[in-house]
Amino acid sequence: MAVGYLFTDIEGSTERWEASPGRMAAAVARHDEILDACITEYGGVIQDRAGDGVFALFVDGNAVACALAIQRRVSAESWADVDGLKVRIGVHAAEPVGMGLVDRTAVNRAARIVASGWGGQTVVSEAAATTYALPDGAQLSDLGICYLKGIPEALRLFGLVHPDLAENDFPPLRSQFRSAGTVPLQAAPLFGRAGDIAAISQALTQTRLLTVVGPGGNGKTRLAVELAKQWEIREPVLFLSLRGVAGATELVSAIGEALRFPFRDRASREEQLSEYLRDKRTLLILDNAEGIAGKAGFLASLVASCPDLAILATSREPLHVQGEGLYRLGGISADASKGDGLSPAYQVFVHAARSRQPEFDLTEAQLPSFQELCQCVGGSPLALRLMAQWVSYLSLEEILSRVKVDFDFLAGGGAEEQHHQTIREVFEESWRRLDERHRTTLASLSIMEGSFDWSIAHDALGAPLDAFAALEQKGLIDPTFGRRFSIHPLIRTYAREKFTQMREIAAEVVLRHRAYFLGLVRNRMKAMPKLGQTRVVEELQTEIADIRAAWFGALQDGDEDTIALTVEPLCYFLNLASLLRDGVALFCDPDGLSAPMTLHLRSARANFLVQQGELEQARALGQKVLGDENAPPLALAHAHMAIGNVAHTRGDFVLASECYEVTRRIRETLDDPIGLAFVTISLGALYVMFKQPERARDHIRNAFRISRQNGLTLVQIVAHMCAGDIALSEGRLEDARSNFARGLDLDPASTNPQYRAQLLRRAGSLALRMGNRDDAERHHTEALELFLDLGDQRAQAQAYIDLGEDSLAAGRFAEARERLMRGLRLAIAFASAHLRNTALLGLARAEIGLGNTENAGRIARILADTDVARDEAAYREMVAALGPGEIEGPPCALDDVLSEIANDADARALML
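Here the structure is a predicted model, which is why all the values come from computation and not from measurement.

Conventions and cut-offs
- Residues numbered from 1 in each chain as written.
- Predicted model: local features only at pLDDT ≥ 70, side-chain atom pairs only at ≥ 80, totals over all residues.
- Heavy atoms only, no water.
- Helix = DSSP H or I, 4+ residues; strand = E, 2+ residues; numbered from the N terminus.
- Buried < 20%, exposed > 50% of the residue type's maximum accessible area, 1.4 Å probe, protein only.
- Contact = heavy atoms within 4.5 Å.
- Areas by Shrake-Rupley, 256 points an atom, 1.4 Å probe, with all protein chains shown as cover.
- Lys, Arg positive; Asp, Glu negative; His and termini not counted.
- Charge placed at Lys NZ, Arg CZ, Asp CG, Glu CD.
- Salt bridge = Lys/Arg side-chain N within 4 Å of Asp/Glu carboxyl O.
- Pairing = 2+ DSSP bridges.
- Axes fitted to C-alpha atoms, helices over the stretch in contact; angles between N-to-C directions.
- Polar contact = N/O pair within 3.5 Å; in protein donor to acceptor, adjacent residues only side chain to side chain.
- pLDDT = per-residue confidence, 0-100.
- Phe/Tyr/Trp six-rings, centres within 6.5 Å; stacked < 30°, edge-to-face > 60°.
- Core = buried A, V, L, I, M, F, W, Y, C linked by side-chain atoms within 4.5 Å.
- Parallel < 35°, antiparallel > 145°, perpendicular 65-115°, else oblique.
- Left-handed = near helix turned anticlockwise from the far one by under 90°.
- Nonpolar A, V, L, I, M, F, W, Y, C, P; charged D, E, K, R; others polar.
- Expected span 1.5 Å × (residues − 1).
- Arc of directions from axis to C-beta.
- Disulfide = S-S within 2.5 Å.

A few words on the overall build of the chain. Helix and strand counts for the chain come out as 43 helices and 15 strands. For the chain, with 912 residues in total, the buried portion stands at 54%. Nonlocal contacts in the chain, meaning residues at least 24 apart in sequence, comprise 70% of its contacts between residues at least 6 apart. For the chain, the computed accessible surface area is about 39800 Å², with 50% contributed by carbon and sulfur atoms. Placing the 95 positive and 121 negative side-chain charges of the chain at their respective mean positions leaves the two points 3 Å apart.

What follows deals with the pattern of salt bridges. For the structure shown, the criterion picks out 54 salt bridges. One salt bridge connects Arg-514 with Asp-557, and the closest N-O pair in it is separated by 2.5 Å. Here Arg-514, found in helix 20 (residues 503–526), pairs with Asp-557, found in helix 23 (residues 544–557); they are 43 residues apart in sequence, far enough to count as distant. Looking at Asp-557, the relative accessible area reads 51%, which means it is exposed. Members of the salt-bridge network, linked through shared partners, are Glu-694, Arg-697, Glu-730, Arg-732 and Asp-735.

Now for the sheet that holds strand 8 (residues 209–213). Read from one edge of the open sheet, five strands run 9-10-11-8-12, paired in parallel fashion. Edge positions in the open sheet fall to strand 9 (237–241) and strand 12 (325–328), since each of these has one partner strand only. The average undirected angle you get between the axes of adjacent strands in this sheet is 20°. Pairing of strand 9 with strand 10 (residues 282–287), which is carried by five bridges, proceeds in the parallel orientation. Note that in strand 10 the partner of Leu-240 across the bridge is Leu-286. The strands touched by helix 10 (residues 297–305) are strand 8, strand 10 and strand 11 (309–315); relative to strand 11, the strand with the most contacts, the crossing angle is about 155°.

On the secondary structure map, Asp-287 appears in strand 10. Buried charged residue Asp-287 carries no salt bridge. Nearest counter-charge: Arg-243, at 6.1 Å. Within polar-contact distance, the side chain of Asp-287 engages the side chain of Thr-221 at 2.8 Å. Filtering out sequence-adjacent residues up to four positions away, Asp-287 remains in contact with Thr-221, Phe-239, Leu-240, Ser-241, Leu-242, Arg-243 and Thr-314.

On to the sheet that holds strand 14 (residues 478–479). In space, the three strands of this open sheet follow the order 13-15-14, with antiparallel pairing throughout. The sheet is open, and its two borders are formed by strand 13 (452–453) and strand 14, each paired with just one other strand. Where strand 13 lies against strand 15 (residues 484–486), two bridges are found, and the strand directions are antiparallel. In the strand pairing of strand 15, Asp-453 is matched with Arg-484.

Further remarks concern the confidence of the model for the chain. Predicted confidence across the chain gives a mean pLDDT of 86, with 94% of residues reaching 70 or more. Across the chain, the secondary-structure element scoring lowest on mean pLDDT is helix 43 (residues 894–909), at 62, and the one scoring highest is strand 5 (residues 122–125), at 96. Segment residues 413–420: pLDDT under 50, and 11 contacts once partners within four positions in sequence are set aside and those in other chains are kept. Low confidence marks residues 906–912, where pLDDT is under 50. Its contacts with residues over four positions away, or in another chain, come to four contacts.

Attention now moves to the pairing of strand 10. Burial of strand 10 is extensive: six of the six residues sit out of reach of the surface. Side chains of strand 10 alternate between two faces, with Thr-282, Leu-284 and Leu-286 and Leu-283, Ile-285 and Asp-287 buried alike. For strand 10 and strand 11, the ladder comprises five bridges, and the chain directions are parallel. Counterpart to Leu-284 in the pairing with strand 11 is Ile-311.

With that out of the way, let us pick up the environment of Ala-577. Note that Ala-577 resides in the loop between helix 24 (560–576) and helix 25 (580–586). Counting along the chain gives 175 residues from Ala-577 to Asn-752, while the straight-line C-alpha distance between them is 5.9 Å.

Let's shift gears to the packing of aromatic side chains. Following the criterion strictly, the structure yields 15 aromatic pairs and no others. Taking 5.1 Å as the distance between ring centres and 80° as the angle between the ring planes, the aromatic pair formed by Tyr-516 and Phe-517 counts as edge-to-face. Its relative accessible area of 22% is what places Tyr-516 among the partly exposed residues. Relative to Phe-608, the ring of Phe-587 lies with its centre 5.8 Å away and its plane at 10°, an arrangement referred to as stacked.

The element strand 1 (residues 3–10) is extensively covered by neighbouring structure, given that seven of its eight residues are classed as buried. Sheet analysis places strand 1 next to strand 4 (residues 87–94), joined by eight bridges and oriented antiparallel. Across the sheet, the residue bridging to Thr-8 is Ile-89, located in strand 4.

Okay, the nonpolar core next. By size, the foremost hydrophobic cluster in this structure holds 177 residues, and its most contacted members are Phe-349, Leu-384, Leu-445, Met-525, Trp-551, Phe-573 and Phe-587. Counting residues in each nonpolar core, the second largest holds 34 residues, with Phe-58, Ala-69, Leu-85 and Ala-93 among its members.

One way to put it is that helix 29 (residues 653–669) packs onto helix 30 (residues 673–689) with a least axis distance of 9 Å and a crossing angle of 160°. The angle between helix 29 and helix 30 falls in the class roughly antiparallel. The two elements helix 29 and helix 30 meet at a crossing, and its hand is left-handed. Counted together, Phe-653, Ala-656, Ser-657, Tyr-660, Glu-661, Thr-663, Arg-664, Arg-667 and Glu-668 of helix 29 and Gly-675, Leu-676, Val-679, Thr-680, Ser-682, Leu-683, Leu-686 and Tyr-687 of helix 30 form the full contact between these two elements. Looking at side-chain class alone, the contact of helix 29 with helix 30 contains eight nonpolar, five polar and four charged residues.

The first and last C-alpha atoms of helix 2 (residues 21–41) sit 30 Å apart over 21 residues, in line with the 30 Å expected at 1.5 Å per residue. For helix 2, every residue scored as buried is listed here: Met-24, Ala-27, Val-28, His-31, Ile-34, Leu-35, Cys-38 and Ile-39. Viewed end-on, helix 2 has its buried residues packed into an arc of 120°, placing them on one side of the element. Set apart from the buried face of helix 2 by more than 90 degrees, the exposed residues are Gly-22, Ala-26 and Thr-40. In this structure, the buried side of helix 2 is in contact with strand 1, helix 1 (13–19), strand 2 (45–50), strand 3 (53–58), helix 3 (63–76) and strand 4. Phi turns positive, to about 85°, at Gly-43, one or two residues after helix 2.

Looking at the element boundaries, Gly-804 is found in helix 36 (residues 793–809). Sequence-wise, Gly-804 and Gln-357 are 447 residues apart; in three dimensions their C-alpha atoms are separated by 50 Å. Not counting residues within four places of it along the chain, the set of residues in contact with Gly-804 comprises Ala-816, Arg-819 and Leu-820.

Turning our attention to the packing of helix 26 (residues 595–611) against helix 27 (residues 615–626). Between helix 26 and helix 27, whose axes approach to 8 Å, the crossing angle comes to 155°. On the basis of their axis angle, the class for helix 26 and helix 27 is roughly antiparallel. For the pair helix 26 and helix 27, the crossing hand works out as left-handed. Contacts between helix 26 and helix 27 involve Leu-599, Arg-602, Ser-603, Arg-605, Ala-606, Leu-609 and Val-610 from the first element and Leu-615, Gln-617, Ala-618, Leu-621, Gly-622, Lys-624 and Val-625 from the second.

Attention shifts here to the side chain of His-640. For His-640, the location among the structural elements is in helix 28 (residues 633–650). For His-640, a relative accessible area of 17% puts it in the buried group. Here His-640 is in contact with Leu-626, Cys-659, Val-662 and Thr-663, once residues within four sequence places are set aside.

All right, on to unusual backbone geometry then. One non-glycine residue, Asp-83, lies in positive phi territory at about 60°. If you check the backbone angles, Lys-691 has positive phi at about 55° while not being a glycine. As for its placement among the helices and strands, Lys-691 is situated in the loop between helix 30 and helix 31 (693–709). Looking at Lys-691, the relative accessible area reads 66%, which means it is exposed.

Time to look at the state of the cysteines. Disulfide: a covalent bond formed between the sulfur atoms of two cysteine residues. One pass over the full model with this rule turns up zero disulfides. Take Cys-66: it sits in no disulfide, and the sulfur closest to it among the cysteines is that of Cys-38, at 5.7 Å. The exposure class assigned to Cys-66 is buried, which follows from its relative accessible area of 0%.

We now examine helix 13 (residues 381–388). The buried fraction of helix 13 is high, at seven of eight residues. Among the residues of helix 13, Pro-381, Leu-382, Ala-383, Leu-384, Leu-386, Met-387 and Ala-388 are the ones counted as buried. Along its buried surface, helix 13 packs onto helix 11 (344–353), helix 12 (367–376), helix 14 (396–405), helix 15 (423–432) and helix 19 (489–501).

Below is the structure:
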């Protein structure tokens, strides 16, 4: 027969000994008499007395009947002198291990069993329940599968109840518990959150109260569920949703309900929960906890009193609890970790789309649209899933276009989706939680286009700092870097919708925004002599998104006073920052502006078109401005400059010099040092190109002086570039190298990419001339990359020709031909005779290298009457290499020659 193990303990004995030791001594003596009598009566032998309890062994007899007798007799006594006395008892049974031996495993289990009970309660193991017959009237209540500290396997435990006992209803056992179904089941897998889960798990080892904060739809709940699933493998987890819970009392009730904890009147509910959780190693997850923000002080005291308890909350805002740590959850990434396009955002979208179309996938051609779509919704998993519901009806491009204009498009893809939460519902809930002041601030911030500095938000929009801080804490604005913040794209869309409904406030905020950012352009450009170009350009580039928005707002409203003050500073900033595409886009001419203002904008736009390689369009626009009698002086200056640039590019020295001189006189009259510096250096570059070094030197020195006085690093760079060109033409190679190097040193951070690229291509050509082919190719490749980024086709043509020269020098003639053909086609497209002829000369040399002397002869005949033939030693060398027979023949059409070369290249590629 099995051996019984019985342990007893007095609940709260320490407090009673401290309060009244004399009376407690008498009570314990009486307690011992009762236990000794019962244990002897029911066949047990006391093995040990530990503290105020006993350990008894039952080789024969009935340990369960003994436990009931002890509880009945103890409850029948009056213990008023010690403010009551209750005994908890644990009963276990195990097979005998030998005569006179005690099973230490059984002893340990019995000790843990008694420790799990409450005062007045008897806890019986399944082994004891099947070993001993129950006394008359007694029953066992199933307490379920329990995990006791230090015991790896679960034990099934029972509570001994009887009508004669004073108490039969007790709280859950003081045992470890498992999540036991509290973690919600999720049908969809979790994508792209491994890093967040690892970071949160690590944070929970350092702070035992952590709140995951983020906007609605970012997947906080799904993340918490996944973390709970991973965590409960090694530790107990209790997961409960606090949706609808709005105060401390409701919080305590919700936790108690999740634990199935029967609160009693003996102490406050907070104390009872703390007492129950005190010795438990548990992760408590409180999902959707924003309703208790500012009202959750109980959580701090719970963590303080329960050393093995950790709490993870998910919320739209911090809970404002002492000791709280924060983890801000952003959207999922659209960047692929591998080269296969399988970004987390891609996986979420495709997984959801396949619920509609099982074979759905994104093609490589659709990936750019998908990237833009992810940007529009800020990586919101909810938004991505909602958009995916439309793939059966709309293309990705159509989904993207609708998302941009219709917030309510993100509401699900059909009737079967209506049970899902929509994006609007998510943000309506957040909006309702804001007070009026915070709503106004968030709505105002929604007009900020890019990231923003909090002090700028205050100065530009009047956003109060405390309201700003509150929105940041609630996860409605996100810190990015330094003192800058951003707004989730979907939150911005929703808040901007609210902003348009605040008509009077919105009108005032828009004007403040415009005045601040366009004023910033004017003030910083004016302060450039003191601050320096690099600092001014970097500061304005940081705010470029809001500068654009403010400028377009001024154009739309016809705010000519603001436009007139801003045109020139804005034009110069965009030039200095190499924002050439922005220049073309911003200097449009919307309806409603006066004729002089329209002409001013057109002329400024013409200059940016030149730099984009749109020479004919720029020339026509400039001539149209010059032909209008309403054109103001600044418009005339821009128009002459644009036409001069086109002529410069096409090798028309006379027209270019005339236009530049007119521009220079206007800029001098208007006392415009920045414009004067630009046109002066253009004159210097023109005279360099047309081999008039002395006149070039005068203009270069003058431009350098003006630029030094006004902080124009860009013009200083161009001055060094022109000085290097002069030195190169005069054979002073070391002086040329030094000038190019100084120009590059002035721009280490590539704040002037267009002119840095020009310097790089010159430095590369010089390196080739000095026999350093590796440096030449490296410089020319970097220059081409910069020109491609800028969209400057004129410079791209030159860069391809430079690379062709590198290939020729290395004897890679097929590669040289390919590079030179690219440069030649671009040169022909914008009618640059000089570049066209330079490319043709290189192409003829490549054809000779490939053995195609007939094609080379045709090219030589085309070049025979050009400047290249008159001035270039390379042309004479090429003709000498061909011999007189190859260059004789009828005139050749360039298109025919290029077609022959292309056909030959194709045939070689196919090895025909």
